[in-house]
Amino acid sequence: MGNKNISMAVIRRLPKYYRYLADLLSRDIQRISSKELSEIIGFTASQIRQDLNNFGGFGQQGYGYNVEALHREIGKILGLDRKYRAVLVGAGNLGQALTNYSGFKNAGFNIEAVFDANPKMIGLKIRDYEIMDSDNIESFVSNNDIDIAILCIPKNGAQAVADKLVSSGVRGIWNFAPIDLEVPSEVIVENVNLTESLFTLSYLMKESDDQL
């Protein structure tokens, strides 16, 4: 990204800015102030200005932000002006749902192949993808310049699959397996733990009930 001093908290807010700005563009809104943006997103105007100032600011005093330009610049900051080649490993219910989601391709993330270790799944189709044998994953990744792997497999075996992917050249892993993967420092792992998220929801609901 170029600036290693930007906190992960700021980085994790950027996709939300990007999403809300896209919605504004769909409604043909061309200009917005940090105050107006704060009322929509839920962050304070000061927080929004501080976040964006990490990357140059983009606003003009007395004018606010040009919505289209800000959306485009945040997309560049997030790397969405690039194209990524991905493989998906694990063709169960979650893997099928992700494969069927068209939003990834629209954002530049192209799933090139789907793999599974279950012999009963190999050869079946999800959309236009014929499920391939996981035994062939290393050669496919090596020969097709794959950037990202999406792991939708059980905890057991996830580290071994990750090792194969990394040794074959994958630079990023979107990990849905309930395990903290051990990878070299140059490989980026983004963990998505659905159970932890559900437990967080449970806690917040409990706290809300306790205050009644």
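Up top you'll find the structure we're talking about.
Here is a short report on the structure shown in this document.

Rules behind the numbers
Residues numbered from 1 in each chain as written. Predicted model: local features only at pLDDT ≥ 70, side-chain atom pairs only at ≥ 80, totals over all residues. Heavy atoms only, no water. Helix = DSSP H or I, 4+ residues; strand = E, 2+ residues; numbered from the N terminus. Buried < 20%, exposed > 50% of the residue type's maximum accessible area, 1.4 Å probe, protein only. Contact = heavy atoms within 4.5 Å. Areas by Shrake-Rupley, 256 points an atom, 1.4 Å probe, with all protein chains shown as cover. Lys, Arg positive; Asp, Glu negative; His and termini not counted. Charge placed at Lys NZ, Arg CZ, Asp CG, Glu CD. Axes fitted to C-alpha atoms, helices over the stretch in contact; angles between N-to-C directions. Left-handed = near helix turned anticlockwise from the far one by under 90°. Nonpolar A, V, L, I, M, F, W, Y, C, P; charged D, E, K, R; others polar. Expected span 1.5 Å × (residues − 1).

## So, the overall build of the protein chain
Now for step 1: When helices and strands are tallied, the protein chain shows 9 helices and 10 strands.
Now for step 2: Projecting the C-alpha coordinates of the protein chain onto the three principal axes gives extents of approximately 60 × 50 × 35 Å.
Now for step 3: When the 212 residues of the protein chain are sorted by exposure, 36% land in the buried category.
Now for step 4: In the protein chain, of all internal contacts separated by at least 6 residues, the share reaching a separation of at least 24 is 56%.
Now for step 5: When the accessible area of the protein chain is evaluated, it comes to approximately 13000 Å², of which 49% is carbon and sulfur surface.
Now for step 6: If the 22 positive side-chain charges of the protein chain are averaged to one point and the 26 negative ones to another, these points end up 6 Å apart.

## Focus: the packing of helix α1 (residues 8-26) against helix α4 (residues 67-77)
Now for step 1: Contact geometry of α1 with α4 gives a least axis separation of 9 Å together with a crossing angle of 145°. The way α1 lies across α4 gives a crossing that is left-handed. Mapping the contact onto sequence places Leu 14, Tyr 17, Tyr 18, Leu 21, Ala 22, Leu 24 and Leu 25 in α1 and Val 67, Glu 68, Leu 70, His 71, Ile 74, Gly 75 and Ile 77 in α4.
Now for step 2: Partitioned by chemical class, the residues of the contact of α1 with α4 number 11 nonpolar, 2 polar and 1 charged.

## A closer look at α1
Now for step 1: For α1, spanning 19 residues, the distance from its first C-alpha to its last is 28 Å, which sits close to the expected 27 Å at 1.5 Å a residue.
Now for step 2: For α1, the set of buried residues is Val 10, Ile 11, Arg 13, Leu 14, Tyr 17, Leu 21 and Leu 24.
Now for step 3: Elements in contact with the buried residues of α1: β1 (31-32), α2 (34-41), α3 (45-53) and α4.
Now for step 4: Positioned one or two residues after α1, Asp 28 has a phi angle of 60°, which is positive.

## Quick look at the side chain of Asp 51
Now for step 1: Inspection of the secondary structure assignment puts Asp 51 in helix α3.
Now for step 2: Residue class for Asp 51 comes out buried when judged on its relative accessible area of 1%.
Now for step 3: Once residues within four sequence positions are removed from consideration, Asp 51 is found in contact with Val 10, Arg 13 and Tyr 17.

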